[in-house]
Amino acid sequence: MKARSSLHLALAFILSVPATTVAQDRIAVNLEGVPTDSIPAKPAVTAEAEKKEAVSFLKPQVIQNMRLQDQRGLAVFEAPKQDKTPFTGFRLDWGGAFSQQFQALDHDNTAQPRILKDAVGKSYDANELLEIGAGFNLASANLNLNAQLAPGIRVALESYMSSRHHNEFWVKGGYLQFDRSPIDHPLLNEVMEYVTIKAGMFELNYGDAHFRRSDGGNVIYNPFVENYILDSFNTEIGTEIYLRTGPWMAMAGVTDGQNKGGITTPSQRGPAFLAKLGYDKQLTPVLRTRLTGSVYNVNKTPSANLFGGDRTGSHYFGVLENTVSTTSAQFTSGRINPGLRNELTAVQVNPFVKLGGLELFGVIERATGKAFAEEAEREWSQYAGEVVYRFLPKEQLYVGARYNTVTGTLQGMADEISVSRAALAAGWFVTPNVLLKGEYVTQKYSDFPSADIRNGGGFNGFVVEGAISF
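Residues numbered from 1 in each chain as written. Predicted model: local features only at pLDDT ≥ 70, side-chain atom pairs only at ≥ 80, totals over all residues. Heavy atoms only, no water.

Caption draft 1: Structural detail: the overall build of the protein chain. If you tally the helices and strands in the protein chain, you get four helices and 19 strands. Per-residue burial for the protein chain yields a buried fraction of 47% across its 470 residues. Residue pairs in contact within the protein chain that sit at least 24 positions apart in sequence constitute 65% of those at least 6 positions apart. A total of about 22,000 Å² of accessible surface is found on the protein chain, and carbon and sulfur atoms cover 62% of it. (Helix = DSSP H or I, 4+ residues; strand = E, 2+ residues; numbered from the N terminus. Buried < 20%, exposed > 50% of the residue type's maximum accessible area, 1.4 Å probe, protein only. Contact = heavy atoms within 4.5 Å. Areas by Shrake-Rupley, 256 points an atom, 1.4 Å probe, with all protein chains shown as cover.)

Set out below in structure tokens:
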């Protein structure tokens, strides 16, 4: 409750800041130490002056080698190695992200009744769908703290203030990143011109889809409202080492294979390994191409969560959930978790092309694995394609289309099931930090058993989302 109240106060404060252009001028000048009573009224300005003034309202970058959390962070994947941000001593930087959706989705299914008893012994149909209608979803909020410790050395602490699954304030992760050597030695300095080292608990750099997903309150990188049906995302404790030269990038990493630490059941635990190889080049002033391939492998772990690591939850609420479901307990509505919990090998390939305002992005993914109780491995595949066109001089407006399909076998099911989703979206960057977007989505579930609530299931409708990120 406190997190929600804090979020509402923060939103009200932020939205009230740009109430008048005079107030904006006072804020900008006050940061330079000029008394407010000496500020004249805003004079008429030329178009060129307005352009320069607009840039001044962007949050200044004070932390090196970091992806910016506003419109400037679009089409950015790994945090940039080459950075012109000067080192001016120890710096501390706070950032936040907030999102709110208005949902108008309908769902239906053809599952046979399945009568169970709830906690108090009352009978209910586990396959009867929850009645849903138009309304506002629970708002989400993130809080980030970044510190520049030394030239090319920074630390990040990422937290969730309010989310669908955890209503309390909780930490996503934290890590230390080196882009320069802490020891001033000619050989080490030369090596670190090409190498980046990240250590701590961090978001795995498996695939490129996680760079374009919604993460709690931070939804500004995602041109759509929700993530993919197979949402490959997890935070794990470990280290990633990058080698970058020209357009080429290679990464190798090792983690503990789960989204928290652990010392018990050592016979069931082992390290997870991940690697990535990519090519990313601006071929002409208007044409950029990128192609990456990633792999993640863990042979034994109590809880492999590559496809279930997002504890903030889906941005589709209540779809294909039953009458006793709750917002927090059933927080992955609309997604599929393959349940490959104890052994997992996953491969993802991602092409990306940006031609002027046109963006093309794809996901080709295959995963195999099993749970401890299973003898044979199960296979899953995911394919997705996005087309997004951004227009106007600063690409403030965009339209997009996405198609996503998933096929595989769930534990306890003999036959393959499939899920497909089509979405159309449009968005407007009111400022580089404020985004309003809307989406029409339709999703279908195929080949689920008659006793499964998703049998003959589907949902469709509109979701409108507002976001603030800085």
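So, next bit.
Caption draft 2: Broad picture of the pattern of salt bridges. Across all of its chains, the model carries 29 salt bridges by this definition. For Glu78, the salt bridge identified is with Lys276, shortest N-O distance 3.0 Å. You can see Glu78 sitting in the loop between helix 3 (47-56) and strand 1 (91-108) and its partner Lys276 sitting in strand 11 (residues 272-284), a full 198 residues away along the chain. Judged by its relative accessible area of 3%, Lys276 is buried. Here Glu359 ties to Arg212 by a salt bridge, and the two come within 3.5 Å at their closest N and O atoms. In this pair, Glu359 is assigned in strand 14 (residues 358-370) and Arg212 in the loop between strand 8 (195-203) and strand 9 (235-245), connecting sequence segments 147 residues apart. Arg212 matches Glu359 in its accessibility class, with the two residues each being buried. (Salt bridge = Lys/Arg side-chain N within 4 Å of Asp/Glu carboxyl O.)

Caption draft 3: The pairing of strand 9, seen in detail. One ladder, built from nine bridges, connects strand 8 with strand 9; its direction is antiparallel. Across the sheet, Ile197 pairs through a bridge with Ile241, a residue of strand 9. Bridge analysis of strand 9 against strand 10 (residues 248-255) gives eight bridges, and the strand direction is antiparallel. Opposite Leu243, over in strand 10, you have Ala250 as the bridge partner. (Pairing = 2+ DSSP bridges.)

Caption draft 4: Highlighting empty space enclosed by the protein. Going through the model one piece at a time under the given rule, you end up with three cavities of 30 Å³ or more. Counted as a void, the largest cavity has a volume near 780 Å³. Met66, Arg67, Glu158, Tyr175 and Tyr221 are the residues nearest the centre of the largest cavity, which is lined by 40 residues in total. Looking at the lining of the largest cavity, the elements that each hand over two or more residues are strand 1, strand 5 (140-150), strand 6 (153-162), strand 7 (170-178), strand 8 and strand 9. Each residue belonging to the lining of the largest cavity can be placed in one class, and the counts come to 14 nonpolar, twelve polar and 14 charged. In this model, the second largest cavity occupies a volume close to 60 Å³. Arg67, Leu74, Ala75, Val76, Phe77, Phe211, Arg212, Tyr221, Glu359 and Arg390 together form the lining of the second largest cavity. Taken together, the residues of the lining of the second largest cavity sort by class into six nonpolar, no polar and four charged. (1 Å grid on protein atoms, 1.4 Å probe; cavity = no way out; pocket = protein on both sides within 12 Å on 5 of 7 lines; lining within 4 Å. Points joined across faces, edges and corners; volume = space filled by probe spheres on them. Nonpolar A, V, L, I, M, F, W, Y, C, P; charged D, E, K, R; others polar.)

Caption draft 5: Geometry of the environment of Ile453. Of note, Ile453 is situated in the loop between strand 18 (434-446) and strand 19 (458-469). For Ile453, a relative accessible area of 14% gives the class buried. Separated by 345 residues in sequence, Ile453 and Asp108 place their C-alpha atoms 9.7 Å apart. If sequence neighbours within four positions are ignored, Ile453 has contacts with Asn109, Ala111, Ala126, Asn127, Glu128, Leu129, Leu320, Glu321 and Asn322.

Caption draft 6: Local environment of the confidence of the model for the protein chain. For the protein chain, the mean per-residue pLDDT works out to 89, and 88% of the residues sit at or above 70. With pLDDT under 50 throughout, residues 1-45 is counted as low confidence; its partners more than four residues away or in other chains account for 31 contacts. (pLDDT = per-residue confidence, 0-100.)

Caption draft 7: Just the nonpolar core, in detail. In this structure, Tyr296, Leu306, Tyr316, Ile336, Leu344, Phe448 and Phe459 are the most contacted members of the largest nonpolar core, which totals 52 residues. Per-element tally for this core: the top contributor is strand 17 (residues 417-431), with five residues. Ignoring sequence-local partners within four residues, the contact set of Tyr296 consists of Leu204, Tyr206, Glu236, Gly257, Ala272, Phe273, Leu274, Leu306, Leu344, Thr345 and Ala346. Judged by nonpolar contacts, the second largest core, of nine residues, contains Ala75, Phe77, Tyr228 and Phe352. (Core = buried A, V, L, I, M, F, W, Y, C linked by side-chain atoms within 4.5 Å.)

Caption draft 8: Seen up close, the layout of surface pockets. Taken as a whole, the second largest pocket spans an internal volume of roughly 910 Å³. Counted by class, the lining of the second largest pocket contains 16 nonpolar, 15 polar and nine charged residues.

Caption draft 9: Summary view of unusual backbone geometry. Positive phi values are uncommon outside glycine, yet Glu395 reaches one of about 55 degrees. Mapped onto the fold, Glu395 is located in the loop between strand 15 (378-391) and strand 16 (397-408). Judged by relative accessible area, which is 24%, Glu395 ranks as partly exposed.

Caption draft 10: Expanded view of the pairing of strand 12 (residues 287-298). Alignment of strand 11 against strand 12, held across twelve bridges, turns out to be antiparallel. Along strand 12, the bridge assignment pairs Thr284 with Leu287. Between strand 11 and strand 12, which pair antiparallel and follow one another directly, the connecting turn spans two residues. Across twelve bridges, the pairing between strand 12 and strand 13 (residues 343-355) is antiparallel. Counterpart to Asn297 in the pairing with strand 13 is Thr345.

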